[in-house]
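Structure assessment
The residues making up each chain are set out below.
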Amino acid sequence: MMHPKELDIALAAARAAGTYLMEEYARFEVIPDAPANISTEADRQSQEIILRAIRAALPTDALCAEEATSTLRDAPAGSDRMWIVDPIDGTRGFARKNGEFSVMIGFIDKGSIQVGVVAQPAVRRLTYAVRGQGCWRLDGDEATPTRCLVTGIAELKQCTLTQSRSREPGKRSRWVEAIEPARVVESYSAGIKLALVARGEADLYLNTYEAFHDWDICAGHLLVTEAGGEVTGVGGETLQYGLSGAWQKHGLLATNGRLHEAALRVIAAAG
């Protein structure tokens, strides 16, 4: 296996962060109107748990993460080896206590994603992948991982589309109107949505935000491609990681692969 140490580190860090988050989740007071940009102390502490675990094992690796914590500030910069971490992806789901949040840990080497872990502590779902070795899931008390494969759906009108929760529930975006999916599943967490595609529980994830960051998608990107799917920008762009500011400015289309070209055409036509 390539990168067995990095996978073990990522899995252990995700478990430790998940244990901490569920303790906090149990006593957290619901914020029913939590805004999109909310950040909590739980985000920062979860990140420190993850980054300290990585630094203890691999002190020369670079770190990229969402929160401005001390371990991130003290980390080396400029390494080909970089860890990309979102300590709570979907903080609104955490704050609103609907379970829609995940821990995302990705490892890249020379710009290529090698390891991806998406953990969903509230529902005890774990999805992970190593480049060239497939995508795997462990749920609940399962001891043996099961391989994840994308679906075989080949018609857009038959697909299940997953997207961010709508600002106006019940009102579809012009892109969703154009795709005309059979079903729409919404979540606050990009990690959850990418895992849904990788697990074959959704066929297409569309993110049309003008800008977001590496940590929002890195780990989940590998899950989809290792499960047999395809991930690009909404214009078919190849997504790159580790660029200045960790910015992603091409949106995101993740599919089972069979739907990808048709989806790109429909998105382009919808503007």
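What comes next concerns the included structure.

Reading the values: rules and limits
- Residues numbered from 1 in each chain as written.
- Predicted model: local features only at pLDDT ≥ 70, side-chain atom pairs only at ≥ 80, totals over all residues.
- Heavy atoms only, no water.
- Salt bridge = Lys/Arg side-chain N within 4 Å of Asp/Glu carboxyl O.
- Helix = DSSP H or I, 4+ residues; strand = E, 2+ residues; numbered from the N terminus.
- Buried < 20%, exposed > 50% of the residue type's maximum accessible area, 1.4 Å probe, protein only.
- Phe/Tyr/Trp six-rings, centres within 6.5 Å; stacked < 30°, edge-to-face > 60°.
- Lys NZ or Arg CZ within 6 Å of the ring centre and 35° of its normal.
- Pairing = 2+ DSSP bridges.
- Axes fitted to C-alpha atoms, helices over the stretch in contact; angles between N-to-C directions.

**Details of the pattern of salt bridges**
Counted under the stated rule, the structure contains 13 salt bridges. Glu 48 serves as the salt-bridge partner of Arg 52, at 3.1 Å between the closest nitrogen and oxygen. Taken as a pair, Arg 52 and Glu 48 lie in helix α2 (residues 41-57) at a separation of four residues, close to a single helical turn. Salt-bridge contacts for Glu 180 lead to Lys 157; the nearest nitrogen and oxygen are separated by 3.5 Å. One end of the pair, Glu 180, is in the loop between α5 (174-179) and β9 (183-187); the other, Lys 157, is in the loop between β7 (146-148) and β8 (160-164), with 23 residues separating them in the sequence. A relative accessible area of 40% places Glu 180 in the partly exposed class. Overall, the relative accessible area of 57% leaves Lys 157 in the exposed class. One continuous salt-bridge network, built from bridges that share partners, spans Arg 125, Asp 139, Arg 199 and Glu 201.

**Quick word on the packing of aromatic side chains**
Here the structure, examined in full by the defined rule, presents five aromatic pairs. Ring geometry for Phe 28 against Phe 94: centres 5.1 Å apart, planes inclined by 65°, an arrangement best described as edge-to-face. Placement of the pair is Phe 28 in the loop between α1 (4-27) and α2 and Phe 94 in helix α4 (residues 91-95), with a sequence separation of 66 residues. The exposure classification of Phe 28 matches that of Phe 94, with both residues buried. Grouping aromatic residues by their ring pairs yields a cluster made of Tyr 25, Phe 28, Phe 94 and Phe 101. The ring centre of Tyr 25 lies 5.3 Å from the NZ or CZ of Lys 97, which sits over that ring. A cation over a ring is seen here: Arg 165 above Tyr 188, with NZ or CZ 5.7 Å from the ring centre.

**Comments concerning the pairing of strand β3 (residues 102-109)**
In terms of residue burial, β3 counts as a mostly covered element, since eight of its eight residues are buried. What you see with β3 is no split at all: Ser 102, Met 104, Gly 106 and Ile 108 on one side and Val 103, Ile 105, Phe 107 and Asp 109 on the other are buried throughout. By the bridge criterion, seven bridges tie strand β2 (residues 81-89) to β3 in an arrangement that is antiparallel. Directly across from Trp 83, in β3, lies its bridge partner Phe 107. When β3 meets strand β4 (residues 112-120), the two strands line up antiparallel, connected through seven bridges. Opposite Val 103, over in β4, you have Ala 119 as the bridge partner. Linkage of β3 to β4, two consecutive antiparallel strands, is achieved through a turn of two residues, within which Lys 110 is found at a positive phi near 55°.

**Section: the sheet that holds β8**
Read across the sheet, five strands follow the order β9-β8-β10-β14-β12 without closing on themselves; strand pairing throughout is mixed. Two strands bound the open sheet, and with one partner strand each, they are β9 and β12 (230-232). Strand-to-strand twist across the sheet, computed as the mean angle between neighbouring axes with direction ignored, equals 15°. Examined bridge by bridge, β8 and β9 share five bridges and lie parallel to one another. Pairing of Ser 164 across the sheet is with Ser 187, part of β9.

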